[in-house]
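Structural description and commentary
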Amino acid sequence: GAVVSQHPSWVICKSGTSVKIECRSLDFQATTMFWYRQFPKQSLMLMATSNEGSKATYEQGVEKDKFLINHASLTLSTLTVTSAHPEDSSFYICSALPGGGRTEAFFGQGTRLTVV
Amino acid sequence: AQSVAQPEDQVNVAEGNPLTVKCTYSVSGNPYLFWYVQYPNRGLQFLLKYITGDNLVKGSYGFEAEFNKSQTSFHLKKPSALVSDSALYFCAVRDMTRGNKLTFGTGTQLKVEL
């Protein structure tokens, strides 16, 4: 149990276009999901915390108008990178917290975004 | 504020030898501590956690970790390393009094050689 599916695994897009990444908890409900960005050979940088039915909480320095997060249901959160630029190219990872007494978060497989 | 330090960027060990990946943490309250493993171009897989109770916790794939409150450490160990254990390992901490946010260390690349 506790599987998180992230889609797509990789995407290439042109500068100026928008890209949507989906994060789904397949066998549990997640009131809280997290979005991270990871640069090569570096740790995970938390971008935002997404709570079902409410606005996401963004970390300092993360542009909320550029990285739109929607947590429309207890099993789905989406990250939309708007007007993407080459510097947005990165590995994006989501995680979900099952709740119900479970303390560990489960991670999606990540999305490699390349903006050309 | 909470923080995690993984002092070694890389650890090399021969297959069959024991391995240790170090982690120290800092939180103002009581910590939840986690180890995750990441294979190339993949998300993170949960290995083990310490919440309360026995200081030695056992996890997936034969890994274990020892919580040491006085040294604020949570080192990951395995008695006999496998080549397939080669991956990037992250230690993470959550301050149980400050919500659900996880703070990760910088990661340690483990290389197990024949």
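Below you will find a few notes about this structure. (Residues numbered from 1 in each chain as written. Chains lettered and ligands numbered in written order. Predicted model: local features only at pLDDT ≥ 70, side-chain atom pairs only at ≥ 80, totals over all residues. Heavy atoms only, no water.)

1. Quick look at the overall build of chain A
Of the regular secondary structure elements, chain A holds zero helices and eleven strands. Listed N to C, the secondary structure of chain A is β-β-β-β-β-β-β-β-β-β-β in terms of helices and strands. Its C-alpha atoms give chain A a radius of gyration of 13 Å, within 12% of the compact-globule value 13 Å for 116 residues. Burial statistics for chain A: of 116 residues in total, 52% are counted as buried. Residue pairs at least 24 apart in sequence account for 54% of intrachain contacts in chain A once pairs closer than 6 positions are excluded. On chain A, roughly 5,500 Å² of surface is accessible, and the fraction owed to carbon and sulfur atoms is 52%. Positive and negative side-chain charges of chain A, numbering 10 and 9 respectively, have mean locations separated by a distance of 5 Å. (Helix = DSSP H or I, 4+ residues; strand = E, 2+ residues; numbered from the N terminus. Rg over C-alpha atoms; globule rule 2.2 N^0.38 Å. Buried < 20%, exposed > 50% of the residue type's maximum accessible area, 1.4 Å probe, protein only. Contact = heavy atoms within 4.5 Å. Areas by Shrake-Rupley, 256 points an atom, 1.4 Å probe, with all protein chains shown as cover. Lys, Arg positive; Asp, Glu negative; His and termini not counted. Charge placed at Lys NZ, Arg CZ, Asp CG, Glu CD.)

2. Focus: empty space enclosed by the protein
One pass over the structure, following the stated rule, counts one cavity of 30 Å³ or more. The computed volume of the largest cavity comes to approximately 50 Å³. Taken together, Phe34, Tyr36, Ser95, Leu97, Thr103 and Ala105 of chain A together with Phe34, Arg94, Asn100, Lys101 and Leu102 of chain B make up the lining of the largest cavity. For the lining of the largest cavity, the secondary structure elements donating two or more residues are strand E4 (32-38) and strand E9 (90-97) of chain A. (1 Å grid on protein atoms, 1.4 Å probe; cavity = no way out; pocket = protein on both sides within 12 Å on 5 of 7 lines; lining within 4 Å. Points joined across faces, edges and corners; volume = space filled by probe spheres on them.)

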